[in-house]
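# Structural characterization, general
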Amino acid sequence: MSDGFLSFYYHIIFAFLLSAIFFYGFRRVSISLQNDSHENFRTIVIKTVKLPLLLLPWFLFLFYTAYAWPGDKSDEYLNVLDLVRRVFWILYVGWFSWEVSLNVGAMLQASSGRLAEQVSHSVVSRTIQLLATIGIFLNLVHVFGYSLSTLLAFGGVGGIILGLAAKDWLSNFFGGLMLMLDRPFSEGDWIRSPDRSIEGHVEKVGWRLTKIRTFDRRPIYVPNSIFSGIVVENPSRMRNRRMVEDFSLCYENLEKMPRILKRIDETVSLLSDVDATEPHYAVFMRYDDSGLLCQIRAHITRVDRVGYLQVQEKILLIVSDIVAEEGAAFAYPTRRIINE
């Protein structure tokens with residue numbers, strides 16, 4: 001065996017040991033970090049880069065072996081090997097970017113600060129995927145020696161044909177893009193449209209369709225282009241929910257009514273679940289047929305339906321307690337029959 005082959009084998013063994021050390025070392029570190037029950041930003045990053053980094057040393061080992069081969073290497077062999085190497089790095093970077101896009105939402109949620117609240121996870125994820133796809137395509141075209149100007153010219157003609165054939169698809173695509181940029185709603189929001197029979201929680205905003213789950217748990221798939229022509233209400237982003245309730249006092253309690261209303265307004269405004277900065281009142285409205293019609297208004301900070309109803313119940317019980325404490329009574333429809 002020649003000295004060249006002996007040197008080759010020594011270098012291959014050394015490269016293999018380095019690859020194995022890196023592989024098992026990083027694998028052990030990643031496993032120890034992932035065993036942490038609290039999933040923080042660091043553990044999510046480790047999960048994202050684990051597979052690409054574990055395979056990287058073995059890819060490099062294969063390329064090193066191919067280049068270090070001591071046999072006769074023709075120009076054609078080196079050219080093919082160089083082409084394979086360039087294509088590999090393009091695909092590897094694209095794969096790495098794709099893995100990052102799949103976990104960018106979890107990274108933003110685990111990170112602290114206002115960035116996680118202001119940035120749409122789906123927008124960032126799909127933007128990375130789109131850029132990765134375009135970058136892979138353009139770089140592969142360049143590596144294989146095709147002219148970009150020729151492709152662009154052909155793409156211009158083909159784009160017109162495809163645009164006419166896929167007009168609805170393109171309108172939905174750009175509608176989805178506008179939804180991700182303008183963010184009238186996000187995944188998880190409760191939305192409704194007074195223009196269409198659309199109401200429920202948003203489960204997914206895609207490039208073409210938006211999936212909405214109604215309150216009876218039925219899915220609705222809405223083309224994104226529809227949202228550009230309808231009014232969408234997003235109750236999930238309410239600062240508070242207004243409560244307006246009427247009640248009637250007996251005519252015999254006319255003198256007690258001002259004190260009752262004052263106590264109700266003051267007591268309700270002190271509740272922690274009531275926004276006292278918003279207009280609130282407890283007032284006498286009019287003389288009704290069977291009693292003194294009064295009205296109470298308050299803005300409840302609990303915007304979810306269950307929480308809102310619980311606070312509303314608490315306020316109504318406060319009204320009942322104050323009326324009873326003041327020795328008054330609620331009015332109800334009565335009828336007086338006079339016998340002549």
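Now for a description of the structure that goes with this document. (Residues numbered from 1 in each chain as written. Predicted model: local features only at pLDDT ≥ 70, side-chain atom pairs only at ≥ 80, totals over all residues. Heavy atoms only, no water.)

Let us look at the packing of helix 8 (residues 257–269) against helix 9 (residues 305–325). Following both chains from N to C, one finds helix 8 and helix 9 inclined at 145°, their axes separated by 10 Å at the closest point. In this structure, helix 8 meets helix 9 at a crossing whose hand is right-handed. Contacts between helix 8 and helix 9 involve Ile260, Arg263, Ile264, Thr267 and Val268 from the former and Ile315, Ile318, Val319, Ile322, Val323 and Glu325 from the latter. (Axes fitted to C-alpha atoms, helices over the stretch in contact; angles between N-to-C directions. Helix = DSSP H or I, 4+ residues; strand = E, 2+ residues; numbered from the N terminus. Left-handed = near helix turned anticlockwise from the far one by under 90°. Contact = heavy atoms within 4.5 Å.)

Now for helix 9. Because each turn of an α-helix spans 3.6 residues, side chains separated by three or four positions end up pointing in the same direction. Between its first and last C-alpha atoms helix 9 spans 30 Å; for 21 residues at 1.5 Å apiece the expected length is 30 Å, and the two agree. Positive backbone phi, approximately 75°, marks Gly327, located one or two places after helix 9. (Expected span 1.5 Å × (residues − 1).)

So, about the side chain of Asn253. Along the polypeptide, Asn253 turns up in the loop between strand 5 (241–249) and helix 8. Judged by relative accessible area, which is 7%, Asn253 ranks as buried. From its side chain, Asn253 meets the backbone nitrogen of Ala329 in a polar contact 3.1 Å long. Sequence-distant contacts of Asn253, that is, excluding residues within four places in its chain, are made with Leu292, Gly327, Ala328 and Ala329. (Buried < 20%, exposed > 50% of the residue type's maximum accessible area, 1.4 Å probe, protein only. Polar contact = N/O pair within 3.5 Å; in protein donor to acceptor, adjacent residues only side chain to side chain.)

So, about the environment of Trp58. Considering the arrangement of structural elements, one finds Trp58 in helix 2 (residues 41–68). With a relative accessible area of 24%, Trp58 lands in the partly exposed category. As for Trp58 and Leu18, which are separated by 40 residues in sequence, their C-alpha atoms are 9.8 Å apart.

For the rest of this paragraph, the subject is the side chain of Ser186. Mapped onto the secondary structure, Ser186 falls in the loop between helix 7 (167–182) and strand 1 (190–193). Exposure remark for Ser186: the relative accessible area of 17% places this residue in the buried category. If we ignore the near neighbours within four places in the chain, the residues touching Ser186 are Val202 and Arg237.

Let's shift gears to the nonpolar core. Counting residues in hydrophobic clusters, the biggest one holds 24 residues, and the most contacted among them are Phe247, Leu249, Ile260, Ile264, Val268, Ile296 and Ile315. Among the elements of the structure, strand 5, helix 8, strand 7 (292–300) and helix 9 are those that each provide at least two residues to this core. With seven residues, helix 9 is the single largest residue contributor to this core. Each residue touching Ile315, except ones within four places of it in the same chain, is listed here: Met243, Val268, Leu271, Val274, Ile296, Ala298 and Ile300. Core analysis: the next-biggest nonpolar cluster, separate from the first, contains eleven residues, Leu179, Ile191, Val205 and Val222 among them. (Core = buried A, V, L, I, M, F, W, Y, C linked by side-chain atoms within 4.5 Å.)

What characterises a pair of aromatic rings is the spacing of the ring centres plus the angle enclosed by the ring planes. Under the definition given, this model contains nine aromatic pairs. An angle of 70° between the planes, with centres 5.8 Å apart, marks the rings of Trp190 and Phe215 as edge-to-face. Separated by 25 residues along the polypeptide, Trp190 in strand 1 and Phe215 in the loop between strand 3 (209–213) and strand 4 (219–223) bring together distant segments of the chain. Aromatic rings pair up to connect Phe88, Trp89, Tyr92 and Trp95 into one cluster. A cation over a ring is seen here: Arg241 above Tyr308, with NZ or CZ 4.6 Å from the ring centre. (Phe/Tyr/Trp six-rings, centres within 6.5 Å; stacked < 30°, edge-to-face > 60°. Lys NZ or Arg CZ within 6 Å of the ring centre and 35° of its normal.)

The final tally for this structure, using the stated rule, is eleven salt bridges. Between Glu233 and Arg192 there is a salt bridge, with its nearest N and O atoms 2.7 Å apart. Within this pair, whereas Glu233 is found in the loop between strand 4 and strand 5, its partner Arg192 is found in strand 1, the two being separated by 41 residues in sequence. Under the relative-accessibility criterion, Glu233 is labelled partly exposed at 35%. Here Asp216 and Arg218 are joined by a salt bridge, their closest N and O atoms 3.6 Å apart. (Salt bridge = Lys/Arg side-chain N within 4 Å of Asp/Glu carboxyl O.)

In this section: the sheet that holds strand 7. In space, the three strands of this open sheet follow the order 5-7-6, with antiparallel pairing throughout. The two strands at the open ends of the sheet, each matched to only one other strand, are strand 5 and strand 6 (281–287). Within this sheet the neighbouring strands show an average axis-to-axis angle of 25°, counted without direction. Strand direction decides the pairing type here: strand 6 and strand 7, joined by six bridges, are antiparallel. Across the sheet, the residue bridging to Tyr281 is Arg297, located in strand 7. Sitting on the sheet, helix 8 touches strand 5, strand 6 and strand 7, and the angle it makes with strand 6 is about 145°. With respect to the sheet, helix 9 is in contact with strand 5 and strand 7, its orientation differing from that of strand 5 by roughly 25°. (Pairing = 2+ DSSP bridges.)

Turning our attention to the sheet that holds strand 2 (residues 198–205). Taken in spatial order, the four strands of this open sheet run 1-2-3-4, and their pairing is antiparallel. Each end of this open sheet is capped by a strand with a single partner; those strands are strand 1 and strand 4. Adjacent strand axes in the sheet meet at a mean angle of 45°, parallel and antiparallel pairs treated alike. Of the pairings in the sheet, the one linking strand 3 to strand 4 comprises five bridges and is antiparallel in character.

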